[in-house]
Structure formats: C-alpha cells, structure tokens
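Reading the structure
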Amino acid sequence: MPQLSMHSPIGDLTLTEEDGAIVALDWGWGRDQDETPLLRQACDRLDAYFDGVADDFADLPLAPYGTPYRQAVWQALRGIPLGETRTYRDLALQVGGSPRSIGQANGANPIPILIPCHRVVSTQGLGGYSGDGGLTDKIYLLELERAPIPALANQDA
C-alpha cells in the first residue's frame, strides 16, 4: 500500500492509501514512501490545515477498516462541523450505544484528524485522545479549529 509521510506541528504523520482511498493516518514517519496523487493532495491539504486554512476534508475518499458500528460512529464524526464539538453522550444518542462505546470507536479510529475524533469531548472535560501527544494534540487541534475547549476538571468519558 502506498504511504506518504509529512512533518506537522503535532509530529510526523504518515498517510496510507489502498484502492484509491485513504485507509490510515499514523503518527511517525513511514518506512516506505510512495507518493500518489491522492496522498500528495491529502498531505498538501493537511499542511494548509495546520497553517490555519479551514478544511473539513469531506471530499477526500476515506475507507477506514472497522466493524459496522465503528463505521457508523466514524461517519457521525465526519458530520461534526469544523470549529464545533460534540460529547460522547451526544454521539451515543445519535448512533446508538453508550458514551464508552463511542470512546472505544474513537480510540480505534484509523484516520484521525481527517475523521475528526478530536472534536468529541466528555460532558465533564476533554475526554481522551489516541494521538501520539494525547490530550496535548487534542487541545492543539481544537484550538487550531477555534472550537470550544471544555474545562479540564474531570477527564472521564
């Protein structure tokens, strides 16, 4: 599978493509670099995003691997507008399941940032984030998008 890595303010990121769609975004520099038009476009748009250009990445073809439930959660995440947040509870009411199952699906999201799991917060604080920098990355991304950042009192989902 073709991969292309890039530097970002939250660390090196590697995008992976399969069958004309992005299937993963991982922290770290990929061993193999194989630029495709889609990967180049995604990296260029991520560069612009990190430079402050608003982008919801809605038109990028994404094909994350996951159970039907996780697919439904990830689709709901793509519906959260740039600069806004939703709680784990909000998503549980929308998709079904519990706030904990929403958090587990978020943690398993193979394409963070492009599928914006960072926009999901707890009713009592930030919740968690599976990015390499954890909550520091989540706060950075929310600030970049000018989204509301909840108080840090309690980090339970």
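This one's a predicted model, so the numbers in the text were calculated from it and none came from an experiment.

1. Some remarks on the UniProt feature "active site" (unreviewed entry) in the chain
Taken from the UniProt record, the annotation "active site" (unreviewed entry) applies to Cys117. By secondary structure assignment, the location of Cys117 is in the loop between helix H4 (99-107) and strand E5 (120-121). With residues up to four places along the chain from it excluded, the contact list for Cys117 reads Leu77, Asn106, Asn109, Pro112 and Tyr129.

2. A short note on helix H5 (residues 135-144)
When H5 is considered as a whole, its buried residues turn out to be Asp137, Lys138, Leu141, Leu142 and Leu144. For H5, the arc enclosing every buried residue in end-on projection is 160°, short of the 170-degree limit, so these residues lie on one face. On its buried side, H5 packs onto strand E3 (21-27), helix H1 (37-50), helix H3 (88-95) and E5. One or two steps after H5, the chain reaches Arg146, where phi turns positive at roughly 60°.

3. Section: unusual backbone geometry
One non-glycine residue, Ile113, lies in positive phi territory at about 75°. Among the secondary structure elements, Ile113 is positioned in the loop between H4 and E5. In the Ramachandran plot, Arg146 falls in the positive-phi region, its phi being about 60° despite a non-glycine side chain. In this structure Arg146 comes out as exposed when scored by relative accessible area, which is 70%.

Definitions and limits used
- Per chain, residue numbering runs from 1 following the sequence as it is written.
- Local features in a predicted model are, by the rule used here, given only for residues with pLDDT of at least 70; side-chain atom pairs are given and counted only at 80 or more, and totals for whole chains, interfaces and linings are based on all residues.
- Side-chain metrics in this entry use all non-hydrogen atoms of the structure; hydrogen atoms and water are not considered.
- UniProt positions are given in the numbering used here, feature names are shortened, and annotations may be inferred rather than shown by experiment.
- Per the convention used, a helix needs a DSSP run of H or I reaching at least four residues, while a strand needs a run of E reaching at least two, with both numbered from the N terminus.
- Any two residues having at least one pair of non-hydrogen atoms within 4.5 Å are treated as being in contact.
- Partly exposed describes any residue whose relative accessible area lies between the buried limit of under 20% and the exposed limit of over 50%, with all areas from a 1.4 Å probe on protein chains only and scaled to the type maximum.
- Each direction from the helix axis to a C-beta atom contributes to the arc, which is the arc of those directions.

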